[in-house]
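Spelled out from the first residue to the last, the chains are:
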Amino acid sequence: MRSPDALSPRQVVKAGLCVGCGGCAAQGRDAGAHLRFDRFGRLRPDGPREWVRTASSSLARTCPSSPAARDEDALALDLYPTARHLDGHIGRFEAAYVGAAAEGDFRALGSSGGMVTWTAAELMRRGLVDGVAHVKPAPAPRGEAPFFAYGISRSQAELKAGAKSRYYPIEMSGVLDEIRRVPGRYAVVGVPCFIKAVRLLCREDPILRERVAFTLGLFCGHMKSARMVESFAWQLGTQVEAVDAVDFRAKDPGRPANWYTAHLRLTDGSERKQDWWHLADGDWGAGFFQYPACSFCDDVTAETADISFGDAWVEPYASDGRGTNVVVVRSPLLAQIVPEGSAAGRLELQTVDAGFVRETQAAGFRHRREGLSLRLSRRRGLRPRKRVPADAPALTWRRRMVYGLRQAITTWSHRVFWLARVLRRPGLYTRWAKASLAVYQGFAWSQGRIGKLVDRLEGKRA
Ligand SMILES: Cc1cc2nc3c(=O)[nH]c(=O)nc-3n(C[C@H](O)[C@H](O)[C@H](O)COP(=O)(O)OP(=O)(O)OC[C@H]3O[C@@H](n4cnc5c(N)ncnc54)[C@H](O)[C@@H]3O)c2cc1C
């Protein structure tokens, strides 16, 4: 299928390819464009009918899901032409590390090793940026009002108050507008598709190009809808309206980092906590509440960001409850700043190679390589431009089932939750989620009963 020369926001949404980044609305603010939550708790572009339906060549060039937009390889080649390393999974880079911030309380405040907040603060301390666009708790969350939103921090205290990962819908149109209005140099923190959107917008807009001085990428498994918080509230015996603050990963240095604990603070001052493993939809890999567009993403490590950060999901780091980052550095300037921090004892980092980084994200890469190839081979309609061939790889029956079940959970979690919400029957959703998860884990986990049975059957067939 030929890439369209022009696209409308509606076409992208209808094709299930909108990540709700707000890049389109940032260009259409004068026309009244904005983002709003859809009935499934996902952010979608909205505005006057004319704007939503009019196809434009500029959206075709700047939407991160557009088949006509430059892909991550092309963008990274322009940005980092002399990068020392090139890897088929993590892209171009100068150096990679495993470790954490050693200085102050960055590590304790961060979801992982605190390296994102440390790096943003260091760029500010050195006078390289005036502000950092990142995701912070929203002032007064209630019901449909979001718990988190992008904002610009201009001090270390503000940056620290915004530390931690938010598995929640957020969008950038407001901060991009502020960057355009208020002169200065900025860093933008974001998941891979958001950073790609910023890069594409910078190519079109000289003001953004001049002012966005650094991009800090977060590795990403997928984006979640706002319903995940509601579901956690239900399962912890309350309603989302009673929730005042959410911490998706409460830290406990005494427990393994990969035992995520959800923590809700309620308006009456009380607290509710639960490990993700004990929640019906708490298995990240099962894909509950995932944005549909994330099924067609092939960038795990934010390949167009100047520096990107993930969790070191390999031992011994995964068991270290203090949290440990993997860091991929692409900008030559950051390739100086990070080792200087390390030499001064402000960071505790060890150099690693691309293979180590890949290993920390093994499940994510499987899903975005062989899984994506399978999904692309079945896709009809608007086809995003991917670096993965759509050739339905030779997969075992069990792997196909895992990808199929994950896709079904992604699709149906939105719908079943919506129904349970309308009927005010949380149990409808939680029972469905538990049953779906049991089947999924049966196939995904080789030690499970279903897994063993399928292995035996496949062994006989081979
Ligand atoms: C949706 C999502 C999916 C992720 N998936 C993976 C994964 O599969 N594998 C992996 O290794 N890591 C993943 N991460 C990254 C991981 O959760 C940590 O954010 C990362 O390791 C940095 O930790 P830190 O302690 O250095 O960051 P911190 O010092 O805690 O700082 C985090 C910074 O990120 C900003 N931020 C938080 N949430 C968002 C958001 N949604 N969008 C933009 N900025 C945000 C905060 O404002 C803060 O500035 C994901 C993050 C998100 C938001």
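From a predicted model like this one, the values you see are computed outputs, not experimental measurements. (Residues numbered from 1 in each chain as written. Predicted model: local features only at pLDDT ≥ 70, side-chain atom pairs only at ≥ 80, totals over all residues. Heavy atoms only, no water.)

**Q** Hey, could you run me through the overall build of the chain in this one?
**A** Within the chain, the regular secondary structure consists of 19 helices and 15 strands. When each of the 462 residues of the chain is scored for burial, the buried share is 56%. Within the chain, contacts between residues separated by at least 24 positions form 71% of all contacts whose residues are at least 6 apart in sequence. Summed over its atoms, the accessible surface of the chain is roughly 19,300 Å², and 53% of this surface lies on carbon and sulfur atoms. Between the averaged position of the 69 positive side-chain charges in the chain and that of its 48 negative side-chain charges there is a distance of 7 Å. (Helix = DSSP H or I, 4+ residues; strand = E, 2+ residues; numbered from the N terminus. Buried < 20%, exposed > 50% of the residue type's maximum accessible area, 1.4 Å probe, protein only. Contact = heavy atoms within 4.5 Å. Areas by Shrake-Rupley, 256 points an atom, 1.4 Å probe, with all protein chains shown as cover. Lys, Arg positive; Asp, Glu negative; His and termini not counted. Charge placed at Lys NZ, Arg CZ, Asp CG, Glu CD.)

**Q** Looking at this model, I keep getting lost on the packing of aromatic side chains. Mind explaining?
**A** The geometry of an aromatic ring pair is captured by two quantities: the separation of the ring centres and the angle between the planes. Tallied over the entire structure, the rule returns 20 aromatic pairs. On the basis of an interplanar angle of 85 degrees and a centroid distance of 6.1 Å, the ring pair of phenylalanine 288 and tryptophan 432 is categorised as edge-to-face. In this pair, phenylalanine 288 is assigned in the loop between strand E12 (271-275) and strand E13 (307-311) and tryptophan 432 in helix H18 (residues 426-444), connecting sequence segments 144 residues apart. Phenylalanine 288 sits in the buried class, given a relative accessible area of 0%. (Phe/Tyr/Trp six-rings, centres within 6.5 Å; stacked < 30°, edge-to-face > 60°.)

**Q** Is there a simple way to explain the site of the ligand in this structure?
**A** As a structural note, the neighbourhood of the ligand is formed by 32 residues, with Ser112, Thr117, Val135, Ser165 and Asp311 the closest of them. Within the backbone of phenylalanine 219, a nitrogen or oxygen atom sits 2.9 Å from a nitrogen atom of the ligand. At 2.7 Å from an oxygen atom of the ligand is found a main-chain nitrogen or oxygen belonging to aspartate 311. Against a free-state accessible area of 920 Å², the protein chains account for coverage of 97% of the ligand. When the residues that make up the shell around the ligand are grouped by side-chain class, the tally is 13 nonpolar, 15 polar and four charged. (Near = heavy atom within 4 Å. Polar contact = N/O pair within 3.5 Å; in protein donor to acceptor, adjacent residues only side chain to side chain. Nonpolar A, V, L, I, M, F, W, Y, C, P; charged D, E, K, R; others polar.)

**Q** Whenever I open this one, the sheet that holds strand E5 (residues 95-101) confuses me. Can you help?
**A** Through backbone hydrogen bonds, the strands of a sheet pair up, either in parallel or in antiparallel fashion. Here we have eight strands laid out as an open sheet, ordered E7-E6-E8-E9-E13-E14-E5-E15, and mixed in their pairing. Either end of the sheet is taken by a strand with one partner, and the two such strands are strand E7 (148-153) and strand E15 (347-352). Geometrically, the sheet is characterised by an average inter-axis angle of 25 degrees between neighbouring strands, direction not taken into account. Bridge count for strand E8 (residues 186-190) against strand E9 (residues 212-218) is five bridges, and the pairing is parallel. Of the residues in E9, the one forming a bridge with alanine 187 is phenylalanine 214. Most of the contacts of helix H9 (residues 173-181) go to E7, to which it runs at about 15 degrees, and overall it touches strand E6 (131-137), E7, E8 and E9. Across the face of the sheet, helix H10 (residues 192-204) comes into contact with E7, E8 and E9 while running at roughly 160 degrees to E9. (Pairing = 2+ DSSP bridges. Axes fitted to C-alpha atoms, helices over the stretch in contact; angles between N-to-C directions.)

**Q** What exactly am I supposed to notice about the environment of tyrosine 186 here?
**A** Residue placement: tyrosine 186 occurs in strand E8. What makes tyrosine 186 buried here is its relative accessible area of 0%. Along the chain, tyrosine 186 and valine 129 lie 57 residues apart, while their C-alpha atoms are 5.1 Å from each other. Sequence-distant contacts of tyrosine 186, that is, excluding residues within four places in its chain, are made with Val129, Gly131, Ile152, Arg154, Glu178, Ile179, Arg211, Val212, Ala213 and Phe214.

**Q** Which parts of the structure should I look at to understand the domain arrangement of the chain?
**A** As a measure of interface size, the accessible area lost when the parts come together is often cited. Domain assignment breaks the chain into domain 1 (9-224 + 290-365) and domain 2 (393-461). In this structure, domain 1 and domain 2 have C-alpha centres spaced 30 Å apart. Taken residue by residue, the interface counts seven residues in domain 1 and six residues in domain 2. Interface area for domain 1 against domain 2, summed over the two sides, is near 660 Å², with a carbon-plus-sulfur share of 48%. For the domain 1 face of the interface with domain 2, the top three residues by lost area are Arg39, Phe40 and Gln290, together amounting to 67%. Here domain 1 is connected to domain 2 by zero salt bridges. For the interface between domain 1 and domain 2, the tally reads two residue pairs in polar contact (both at pLDDT 80 or more). Here the side of domain 1 that touches domain 2 is built from residues that sort into two nonpolar, two polar and three charged. (Domains from an automatic or database assignment. Buried area = accessible area lost by both parts, 1.4 Å probe. Salt bridge = Lys/Arg side-chain N within 4 Å of Asp/Glu carboxyl O.)

**Q** What is the right way to read unusual backbone geometry from this model?
**A** As a rule of thumb, non-glycine residues mostly have phi less than zero, and peptide bonds are mostly trans rather than cis. That bond from glutamate 315 to proline 316 is cis: its omega, 10 degrees, falls within 30 degrees of zero. Unlike most non-glycine residues, phenylalanine 289 shows phi in positive territory, near 60 degrees. Note that phenylalanine 289 resides in the loop between E12 and E13. Residue classification places phenylalanine 289 among the buried positions, given a relative accessible area of 0%. Even without a glycine there, the phi angle at arginine 424 is positive, about 55 degrees. Mapping arginine 424 onto the fold places it in the loop between helix H17 (397-422) and H18.

**Q** I would appreciate a short explanation of the pairing of E7 in the present structure.
**A** Regular strands place their side chains on alternate faces of the sheet. Where burial is concerned, most of E7 is hidden: five out of the six residues are buried. Sheet topology note: the E6/E7 ladder contains six bridges and is antiparallel. Directly across from alanine 133, in E7, lies its bridge partner isoleucine 152.

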